[in-house]
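# Working through the structure, step by step
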Amino acid sequence: MTEAWRPEDDETSRRGATGPVKVHVPAKINLHLGVGPLRADGYHELNTVYHAISIQDELTARRGDTLTLTMEGEGTGVLALDETNLVIRAARALAAYAGVPAHARLHLRKQIPLAGGLAGGSADAAAALVACDALWGTGLTRDELATVAAGLGSDVPFLVFGGTALGTGRGEAVSPVLVRPTTWHWTVAIADAGLATPSVYAELDRLRDAGAAPTPMGSPDRLLGALRQRDPAVLGAALGNDLEPAAVSLRPELARVLAAGRSAGALASIVSGSGPTCVFLASDAGHADRMARDLTAADVCRLVRTAHGPVAGARVG
Ligand code: ATP
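Looking at an unreviewed UniProt entry, one finds the chain named 4-diphosphocytidyl-2-C-methyl-D-erythritol kinase, with Plantactinospora siamensis as its source organism. Looking at the chain in UniProt, the text filed under Sequence similarities (unreviewed entry) is "Belongs to the GHMP kinase family. IspE subfamily." The chain has a UniProt comment under Pathway (unreviewed entry) that states "Isoprenoid biosynthesis; isopentenyl diphosphate biosynthesis via DXP pathway; isopentenyl diphosphate from 1-deoxy-D-xylulose 5-phosphate: step 3/6."

## Here's the deal with the overall build of the chain
Across its full length, the chain holds 11 helices and 12 strands. In terms of overall size, the chain behaves like a compact globule, its C-alpha atoms giving a radius of gyration of 20 Å where 317 residues would be expected to give roughly 20 Å. Each principal axis of the C-alpha atoms in the chain carries an extent, and together these give about 60 × 50 × 40 Å. Split into buried and exposed, the 317 residues of the chain put 51% on the buried side. Restricting the contact set of the chain to residue pairs at least 6 apart, pairs at least 24 apart contribute 75%. Accessible surface computed for the chain: about 13900 Å², of which carbon and sulfur atoms make up 53%. Measuring between centres, the 29 positive side-chain charges of the chain sit 3 Å from its 33 negative side-chain charges.

## Quick notes on the site of the ligand
By nearness alone, 19 residues border the ligand, and Ala115, Ala119, Gly121, Asp155 and Thr197 come closest of all. A distance of 2.8 Å separates an oxygen atom of the ligand from a polar backbone atom of Ala115. One of the side-chain nitrogen or oxygen atoms of Asp155 is found 2.7 Å away from an oxygen atom of the ligand. In isolation the ligand exposes 610 Å². Once the protein is present, 76% of that is buried. The biggest single contributor to the shell around the ligand is helix H3 (residues 120-136), with 3 residues. In terms of residue class, the shell around the ligand is built from 7 nonpolar, 8 polar and 4 charged.

## Some remarks on helix H7 (residues 221-229)
Turning to H7, its buried residues are Leu223, Leu224, Ala226 and Leu227. All buried residues of H7 project into a common sector of 160 degrees when viewed along the axis, lining one side. Counted as exposed and oriented over 90 degrees from the buried face of H7: Asp221, Arg222, Arg228 and Gln229. Considering only its buried residues, H7 is in contact with strand E1 (21-38), strand E2 (44-62), strand E5 (164-168), strand E7 (184-190) and helix H8 (232-238).

## Regarding the environment of Arg105
Note on placement: Arg105 falls in strand E4 (residues 104-110). Separated by 35 residues in the primary sequence, Arg105 and Thr70 have C-alpha atoms spaced 8.2 Å apart. Ignoring sequence-local partners within four residues, the contact set of Arg105 consists of Thr60, Ala61, Arg62, Arg63, Gly64 and Thr68. Only 3.1 Å separates the side chain of Arg105 from the backbone oxygen of Arg63, close enough to count as a polar contact.

## Comments concerning the packing of aromatic side chains
Evaluated as defined, the whole model comprises 1 aromatic pair. Ring centres 4.6 Å apart and planes at 10 degrees place the aromatic pair Tyr50 and Phe158 in the stacked group. Here Phe158 lies in helix H5 (residues 156-161) and Tyr50 lies in strand E2, a separation of 108 residues in the sequence. Comparing Tyr50 with Phe158 shows no difference in burial state: the two are buried. One cation-aromatic arrangement involves Arg170 over Tyr43; the distance from NZ or CZ to the ring centre is 5.2 Å.

Parameters and conventions
- Residues numbered from 1 in each chain as written.
- Predicted model: local features only at pLDDT ≥ 70, side-chain atom pairs only at ≥ 80, totals over all residues.
- Heavy atoms only, no water.
- UniProt positions renumbered as here; feature names shortened; annotations may be inferred.
- Helix = DSSP H or I, 4+ residues; strand = E, 2+ residues; numbered from the N terminus.
- Rg over C-alpha atoms; globule rule 2.2 N^0.38 Å.
- Buried < 20%, exposed > 50% of the residue type's maximum accessible area, 1.4 Å probe, protein only.
- Contact = heavy atoms within 4.5 Å.
- Areas by Shrake-Rupley, 256 points an atom, 1.4 Å probe, with all protein chains shown as cover.
- Lys, Arg positive; Asp, Glu negative; His and termini not counted.
- Charge placed at Lys NZ, Arg CZ, Asp CG, Glu CD.
- Near = heavy atom within 4 Å.
- Polar contact = N/O pair within 3.5 Å; in protein donor to acceptor, adjacent residues only side chain to side chain.
- Nonpolar A, V, L, I, M, F, W, Y, C, P; charged D, E, K, R; others polar.
- Arc of directions from axis to C-beta.
- Phe/Tyr/Trp six-rings, centres within 6.5 Å; stacked < 30°, edge-to-face > 60°.
- Lys NZ or Arg CZ within 6 Å of the ring centre and 35° of its normal.

Written as structure tokens, this is what we have:
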């Protein structure tokens, strides 16, 4: 039975939550990552198709007298929990935007690997925006949250929305890809150590200057057409990442990981974003499980997981 609305309900939502607010946020992969020329501001012009997958971080926000962050899981003991952490930066940015004190006790349970090319830091920033918005009762729309998100990093707005979306500019200008819903299945190979995103872009610039990089892919039209066909083999043929040669150049063993995916029967093997995580497209969930077993046996990475997408962006619950 639906309970009747009471005037104090609105008051409660304006004041925020008294109990803990738990937010789940996905990792992203790029189905198409077209890297254009270097802009005057130091960023590259991107044409990307983001896709949110079911590897998730969880952020819990509780009321507090100051702003604190604790964590468990991937990166614990390595990731700084101070003002440099994207969770803290996001909470402060939201508080400044909404004109409220940045008071919260935040706890992060991290499954997305650090510097893995899955945008884990950006995901945590998006989670902090959604969690603190609910905790503080600031009541921002998703579009307002995305505006704050764009100031925190190129991938953060997408992780506020999730799904499958086109990213332009430096990736921060996001618009949803409107296709009939299809679930895609992936096997994900997570490496021992991360790769710093700026160094991968710098390596791509070096390879391009030396004439040693493939022609940039440009527009994602072929990928968008493939998504509409809803056939994993067609999608597999259209996946592409301009950063892949640069990631493989910095981390030559990735060639072995990609080859192991092909041997395991992947419809496509690609480096995710700036790497070093590699993702393999499966025809269905069972195929993804079988590839995960084969890749684990091949012993080419630290951890193998399966995932599906698209999934929602940062969400309470
Ligand atoms: P992208 O795919 O967006 O390039 P990535 O997955 O390669 O990102 P991240 O894990 O998102 O890499 O983070 C890169 C760097 O951001 C980390 O090495 C760390 O220094 C910094 N950082 C700050 N806060 C966080 C956080 N909450 N989680 C992860 N990294 C963070």
